[in-house]
Structure formats: structure tokens, C-alpha cells
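Reading the structure
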Amino acid sequence: MARHCTVEHNLEHCPCTYDPCPRKGICCECIAYHLKMDQLPACAFPPEVESTYDRSFRRFIQTYSKR
Ligand code: SF4
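A brief report on the enclosed structure follows. Because the structure is a prediction, the values reported are computed rather than measured.

Considering the packing of aromatic side chains
- This structure, assessed with the given rule, holds three aromatic pairs.
- Residues Tyr 18 and Tyr 53 carry aromatic rings whose centres are separated by 5.5 Å and whose planes lie at 80 degrees to one another, so their mutual orientation is edge-to-face. A residue pair is termed long-range when its members are at least 10 positions apart, and Tyr 18 in the loop between α1 (7-13) and α2 (27-36) and Tyr 53 in the loop between α3 (47-50) and α4 (57-65) qualify at 35 residues.
- Under the relative-accessibility criterion, Tyr 18 is labelled partly exposed at 41%.
- For the pair Phe 45 and Phe 60, a centre-to-centre distance of 5.9 Å together with 85 degrees between the ring planes defines the contact as edge-to-face. Remark: Phe 60 occurs in helix α4 and Phe 45 occurs in the loop between α2 and α3; sequence separation between them is 15 residues.
- Residue classification places Phe 45 among the buried positions, given a relative accessible area of 6%.
- Looking at Phe 60, the relative accessible area reads 28%, which means it is partly exposed.
- Within the aromatic cluster, the residues linked to one another by ring pairs are Phe 45, Phe 60 and Tyr 64.

See the structure below:
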């Protein structure tokens, strides 16, 4: 059964502040893009970290090991 992409719905919940990105709302492309660069997507980070655009695994571990 074919599924359709729910871009509009995804955008309602996307916390990414990098507006020019062509992958916004296309979550499958977003996560594939970042994983390829040893990163995680914006939605893996709290707002204060997301806004730095440092989406590295290192920053993810630093962020959540402090809590
Ligand atoms: S997390 Fe990365 S790929 Fe996803 S929308 Fe934001 S900038 Fe684009």
C-alpha cells in the first residue's frame, strides 16, 4: 500500500530554525542527510542547542549528559 508524505503536518511540528533548507518537513530526507554526516536532525535537540546549528553526535551527548 502506497503512503503519501505528510509534509504539511510534519512542518507543523518541525523545530528546525534553518528556514532555507529544502528538506524541511521531509523527515526521511532530513534524517538521512544528517546521519550521513554523523549528525542528528534539529528535532533531536532542545531549542537553545538547535539554534546553534551544531547537530553533531558529540553535541547531542554533551547536551543530554548534563541533564
Ligand atoms: S534538521 Fe537539517 S535537514 Fe532537517 S530541516 Fe533542519 S537543516 Fe534541514
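Some thoughts on the site of the ligand
- The full set of residues close to the ligand is Cys 16, Tyr 18, Cys 21, Arg 23, Lys 24, Cys 30, Tyr 33, His 34, Pro 41, Ala 42 and Arg 55.
- Grouping the constituent residues of the shell around the ligand by class yields seven nonpolar, one polar and three charged.

So, the pattern of salt bridges
- Applying the stated criterion to the full structure yields three salt bridges.
- Two residues, Lys 24 and Asp 19, come together in a salt bridge whose shortest N-O distance is 3.2 Å.
- Accessibility expressed as a relative area gives 58% for Asp 19, which makes it exposed.
- Ionic pairing is found between Glu 50 and Arg 55, a salt bridge with its closest N-O pair at 2.9 Å.

Parameters at a glance
- Per chain, the residues get numbers from 1 upward, laid out in the order the sequence is written.
- Restriction of local features to residues with pLDDT of at least 70 applies here, the model being predicted, together with a cutoff of 80 or more for giving and counting side-chain atom pairs; totals for whole chains, interfaces and linings are based on all residues.
- The side-chain values count all of the structure's non-hydrogen atoms but skip hydrogen atoms and water molecules.
- The rule is short: rings of Phe, Tyr and Trp, with Trp giving its six-membered ring, pair when the centres are within 6.5 Å, and they are stacked under 30 degrees, edge-to-face over 60, tilted in between.
- The helix and strand labels rest on DSSP assignments: H or I over at least four residues marks a helix, E over at least two residues marks a strand, and numbering proceeds from the N terminus.
- A 1.4 Å probe rolled over the protein chains alone gives each residue an accessible area, and that area as a share of the maximum for its type sets the label: buried under 20%, exposed over 50%, partly exposed in between.
- Nearness is defined per residue: one heavy atom within 4 Å of the molecule or strand is enough.
- All amino acids are sorted into three groups, where Ala, Val, Leu, Ile, Met, Phe, Trp, Tyr, Cys and Pro are nonpolar, Asp, Glu, Lys and Arg are charged, and the leftover types, Gly among them, are polar.
- The working definition used for a salt bridge is a side-chain nitrogen of Lys or Arg within 4 Å of a carboxyl oxygen of Asp or Glu.

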